[in-house]
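Each chain is listed here by its residues.
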There are 2 protein chains.
Amino acid sequence: MKPVKVGLMGLGTVGTGVVRIVEGHQADLQSQVASPIEIAKILVKDASKSRSVVVDASKLTEDPWELVRDEEIDIIVEVMGGVGATKELLLEALERGKHIVTANKDLMALHGQEILAKAKEKGCDVFYEASVAGGIPIIRTLIEGFSSDRITKIMGIVNGTTNYILTKMSQEGADYQDVLKEAQALGYAEADPTSDVEGLDAARKMTILSTLGFRANVALEDVDVRGISAVTQEDIRYAHQLGCEIKLLGIAERQDDYISVSVQPTLVRRSHPIASVNGVFNAVYVHGEAVGETMFYGPGAGEMPTATSIVADLVAVVKNMKLGVNGRQSSLSYKEKKLKTDEQIASKYFMLLHVEDRAGVLMQIAQVFSKYDVSIESVMQPATPDQQGAQLIISTHAADKASMNAVQKAFEELPAVKTIKSVYRVEG
Amino acid sequence: MKPVKVGLMGLGTVGTGVVRIVEGHQADLQSQVASPIEIAKILVKDASKSRSVVVDASKLTEDPWELVRDEEIDIIVEVMGGVGATKELLLEALERGKHIVTANKDLMALHGQEILAKAKEKGCDVFYEASVAGGIPIIRTLIEGFSSDRITKIMGIVNGTTNYILTKMSQEGADYQDVLKEAQALGYAEADPTSDVEGLDAARKMTILSTLGFRANVALEDVDVRGISAVTQEDIRYAHQLGCEIKLLGIAERQDDYISVSVQPTLVRRSHPIASVNGVFNAVYVHGEAVGETMFYGPGAGEMPTATSIVADLVAVVKNMKLGVNGRQSSLSYKEKKLKTDEQIASKYFMLLHVEDRAGVLMQIAQVFSKYDVSIESVMQPATPDQQGAQLIISTHAADKASMNAVQKAFEELPAVKTIKSVYRVEG
């Protein structure tokens, strides 16, 4: 039987995993799709480099257009990353009727709709399960598993690096900078960790998840992003006292078709299933109107988990080819996007204040909250022997973000408040 | 546009949920499948009964054949349960080219392959997402999400009733009988709870999951089943001392194409993600060779979660109808089933013995373990002031089941052992 031919763009960690699975599981794959799947050409940066996986040297090329223009190739698997040039290559591949499987979150977050529209026009599939939460099949779950429901909330731990750092800080009492260095030494964090620790990587993934979950085209710039670099050991200690862990959560919410998407360090009550997702693991919690609470947990990255998702997509494309239905089950969004204003974004908050240690201060603080209609759930004043002034840990009931901004602004101008040390959302 | 017509068999809790979702989300559904979906006929036991959902009385019938024989009906949604008569109805519906969506775990566990084979022959879809773990899209995850991987282990908390009972026993120190009565009063357990508490319901679900995960036709009688009715508060207390919870786990394992499937109360270390799945929630943990550890968590039952899965299946059938590809993505298994012998089934064990309180007893016990090559990890002898004799809590390293059976048999004949109080597998 004629093999289905794949052009693989990129032979780094994930590309190597794809080769391993396609070759190692060939018999299993064939019994599912009734055709051999052949990796016919592989784009590499340096064709002379030695590899951890055996590939036929004649398949290697350093010219991406060789794959795009090869009429024998049915499917492009893109695991090389990049945005601008990669987009041009993939659009041209679609133009020529090739299907795409990609792990490229940056590309899908920034240009997903353009690529999906071109695919629809040309009757091609574009699948991207591996772009979010590596081994967790969350994208097909959102598209198919919850097709009948109205998703109201998606909360994700979608960046393994920051979850590793926060887990270590929580479990070992270590400081952010020390854990970051350790993560870099172990290869869990990049030399320049900005994209991970400042929440940008998570924001791209939340753009993809919220676009799918709410079926409206959420853009990266719609996501309100804050990273973990300012999270202190003190914050974590107080979070523990409140029965919480601090997690970098992507939060996408919908009420009456108005949506908001954000990424920020968040206090999560330990009773919530996402609070116990530790280390480099990822998890996506989905709340649907009908289904209620669900959560999907697994490895967020790594050679084999990510490759598993890519090859599962590859199987889906080949099945569609056999059925002649490629490009028919598009994940293109069809709803108008309406963003919530700050007045519409409600949540509970945690606030840590450094204040003057004298009578009347708490009253002044309470007056500010009251003025902006933010209701206080609890106030703790821990003993702080070695500090001048006092610490106040305030938990609020649900309040809208505009009011909380107004409260913060008022505190900045209130002499009794020395520093607003931290403000976090609270979930669970 | 011509509506797709659905015949709904059963208007109990889940059937009512299906009506609510199909009517309430009609606009969303239409934008996905580009056709109205109409519930054209509904099979009920008593057409004169009043309902919590408004349905056109002219659609109600007490005769199932009216749905099966109605040439206008494209899809049968079966949520009435039953095995023998239901199977005949569904086979006839398939014979007449109708697609099936069912929540019937008993039917799929017992006659799944026969029904799937008939569906394949007639080019019809049979989808059954709701038959296992209500709102969790675990079936499509096993079929599609992990299509490229080799699944090596599936562990499931797939029965909400028993998980509720064990959670209460663990958290409140209550006894089995008391919690069972409470669960019955709350409607979480049936008047005759046998099917749930003796593990039969879980066994049916594990039959379905292991058949899908291993792509070999596992039969209900292949599942080794033990329920929770003998779990004592003492067991749970000692489990806690070992850092474990007791959960009713369905465990399906594969090594070199040899498989085993069982359901039994199991000690799960608290560090394992499935240990913290509490109350009526379900979870399915899946380990794949490439993907590693994943877990899917959500409501296992209930009107709306289950109905969500059914309507998601309905959407999939309608999409396939539009594409003309029904019956092409069959979940029929294709691998030869090879069951592990007891010599091949390995796990760690926990054993609670009531023994004579005199010198030399521990040595005799140790000799028995040694004779059958079972290596002991730890022995605890808690203080038992009010009992004659002593208690021994033994944890083993991984041992095969045949050896553990031999150990138990030897203890039954050893005068120093008064009673073998409990034996549990240990996971995590």
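Because the structure is a prediction, the values reported are computed rather than measured.

*Asks:* Please clarify how the UniProt feature "binding site: NADPH" (unreviewed entry) in chain A should be interpreted in this entry.
*Replies:* All names here are of chain A. UniProt records the feature "binding site: NADPH" (unreviewed entry) at Lys105, using the numbering of this structure. Tracing the sequence through the fold places Lys105 in helix H5 (residues 105-122). Lys105 gets classed as partly exposed once you look at its relative accessible area, which sits at 21%. If we skip the residues at most four places from it in the chain, Lys105 touches Ser131, Asp201, Arg204, Lys205 and Ile208.

*Asks:* Would you mind going over the packing of helix H7 (residues 160-172) of chain A against helix H8 (residues 176-186) of chain A with me for this structure?
*Replies:* Relative orientation and spacing of two packed helices are given, respectively, by the angle between their axes and the distance between those axes. Residues and elements named next belong to chain A. Packing of H7 against H8 leaves a shortest axis separation of 9 Å and a crossing angle of 130 degrees. Considered as vectors, H7 and H8 are oriented oblique to each other. The chirality of how H7 crosses H8 is right-handed. Along the contact surface, H7 presents Tyr164, Ile165, Lys168 and Met169, while H8 presents Tyr176, Val179, Leu180, Glu182, Ala183 and Leu186. Of the residues assigned to the contact of H7 with H8, the class counts are eight nonpolar, no polar and two charged.

*Asks:* What am I meant to see in a nonpolar patch on the surface here?
*Replies:* Residue and element names in this part refer to chain A. Together, Leu186, Tyr188 and Val280 line one region of the surface with nonpolar side chains, adding up to about 260 Å² of accessible area. Within the secondary structure, Tyr188 sits in the loop between H8 and helix H9 (194-197). Take Tyr188: its relative accessible area is 38%, and that puts it in the partly exposed class.

*Asks:* What's the story with the sheet that holds strand E1 (residues 4-9) of chain A in this structure? I'm lost.
*Replies:* Strand pairing in a sheet relies on backbone hydrogen bonds. The paired strands run either parallel or antiparallel. Residues and elements named next belong to chain A. Read from one edge of the open sheet, six strands run E3-E2-E1-E4-E5-E6, paired in parallel fashion. Taken across any chain shown, the strands that pair with only one partner, and hence form the sheet edges, are strand E3 (60-61) and strand E6 (126-127). Here four bridges tie E1 to strand E4 (residues 75-78), and the two strands are oriented parallel to one another. Bridging from a neighbouring strand, Val6 pairs with Ile75 of E4.

*Asks:* Hey, could you run me through the pattern of salt bridges in this one?
*Replies:* If the charged atoms of two oppositely charged side chains come close together, the side chains can form a pair. Taken as a whole and judged by the stated rule, the model has 64 salt bridges over all chains. A:Lys335 is paired through a salt bridge with B:Asp28; the nearest N and O atoms lie 3.2 Å apart. Here the residue A:Lys335 occupies a position in the loop between helix H12 (303-323) and strand E13 (346-355), and B:Asp28 occupies one in helix H2 (residues 26-33), the pair thus bridging two chains. Of the residues examined, A:Lys335 reaches a relative accessible area of 22% and is grouped as partly exposed. Taken together, the shared-partner salt bridges connect A:Asp28, B:Arg150, B:Glu289 and B:Lys335 into one network.

*Asks:* How should I be thinking about the UniProt feature "binding site: NADP(+)" (unreviewed entry) in chain A in this particular structure?
*Replies:* All names here are of chain A. Here the UniProt-annotated "binding site: NADP(+)" (unreviewed entry) positions come out as Met9, Gly10, Leu11, Gly12, Thr13, Val14, Gly15 and Thr16. Relative to the elements of secondary structure, Gly12 occurs in the loop between E1 and helix H1 (13-24). Given the relative accessible area of 41%, Gly12 is considered partly exposed. For Gly15, the position within the fold is in helix H1. The exposure class of Gly15 is buried, given its relative accessible area of 1%. Apart from residues no more than four positions distant in its own chain, Gly15 is found in contact with Leu8, Gly10 and Val79.

*Asks:* When you look at the packing of aromatic side chains in this model, what are you seeing that I'm missing?
*Replies:* We describe a pair of aromatic rings using the distance from one ring centre to the other and the angle between the two ring planes. Within the structure shown, the criterion is met by eleven aromatic pairs over all chains. Between A:Phe296 and B:Phe296 the ring centres are 5.9 Å apart and the planes differ by 55 degrees, which places this aromatic pair in the tilted class. Of this pair, A:Phe296 sits in strand E12 (residues 292-299) while B:Phe296 sits in strand E12 (residues 292-299), which puts the two residues in different chains. Relative to B:Tyr188, the ring of B:Tyr164 has its centre 4.7 Å away and its plane inclined at 70 degrees; by these criteria the two rings are edge-to-face. Placement of the pair is B:Tyr164 in helix H7 (residues 160-172) and B:Tyr188 in the loop between helix H8 (176-186) and helix H9 (194-197), with a sequence separation of 24 residues. For B:Tyr164, a relative accessible area of 8% corresponds to the buried category. Members of the aromatic cluster, connected to one another through ring pairs, are A:Phe146, A:Phe296, B:Phe146 and B:Phe296.

*Asks:* Just checking my understanding: could you explain the domain arrangement of chain A for this structure?
*Replies:* One widely used convention gives an interface's size as the accessible area the parts lose upon coming together. Considered domain by domain, chain A is made up of domain 1 (4-132 + 303-323), domain 2 (138-299) and domain 3 (342-427). Taking only C-alpha atoms into account, the centre of domain 1 of chain A sits 51 Å from that of domain 3 of chain A.

*Asks:* Help me understand the relation of the copies chain B and chain A, please; the structure alone is not making it clear to me.
*Replies:* Two chain copies, one operation linking them: a rotation about an axis together with a shift along it. When chain B is brought onto chain A, the operation consists of a screw motion whose angular component is 180 degrees and whose axial shift is 0.0 Å, with 0.0 Å RMSD remaining. Here the copies are linked by what is in effect a two-fold axis. Within chain B, the C-alpha atom positioned nearest to the axis of rotation is that of B:Phe296, 2.3 Å from it.

*Asks:* Which parts of the structure should I look at to understand the pairing of E12(A)?
*Replies:* Side chains on a regular strand alternate between the two faces of the sheet. For E12(A), the tally of buried residues reaches seven of eight residues, placing the bulk of the element in the interior. When E12(A) meets E12(B), the two strands line up antiparallel, connected through three bridges. Considered in E12(B), the bridge of A:Tyr297 is made with B:Met295.

Conventions we followed
Residues numbered from 1 in each chain as written. Chains lettered and ligands numbered in written order. Predicted model: local features only at pLDDT ≥ 70, side-chain atom pairs only at ≥ 80, totals over all residues. Heavy atoms only, no water. UniProt positions renumbered as here; feature names shortened; annotations may be inferred. Helix = DSSP H or I, 4+ residues; strand = E, 2+ residues; numbered from the N terminus. Buried < 20%, exposed > 50% of the residue type's maximum accessible area, 1.4 Å probe, protein only. Contact = heavy atoms within 4.5 Å. Axes fitted to C-alpha atoms, helices over the stretch in contact; angles between N-to-C directions. Parallel < 35°, antiparallel > 145°, perpendicular 65-115°, else oblique. Left-handed = near helix turned anticlockwise from the far one by under 90°. Nonpolar A, V, L, I, M, F, W, Y, C, P; charged D, E, K, R; others polar. Patch = residues over 30% accessible without salt bridge, like charges linked within 9 Å, V, L, I, M, F, W, Y side chains within 5 Å. Areas by Shrake-Rupley, 256 points an atom, 1.4 Å probe, with all protein chains shown as cover. Salt bridge = Lys/Arg side-chain N within 4 Å of Asp/Glu carboxyl O. Pairing = 2+ DSSP bridges. Phe/Tyr/Trp six-rings, centres within 6.5 Å; stacked < 30°, edge-to-face > 60°. Domains from an automatic or database assignment. Least-squares fit on C-alpha atoms with pLDDT ≥ 70 in both.

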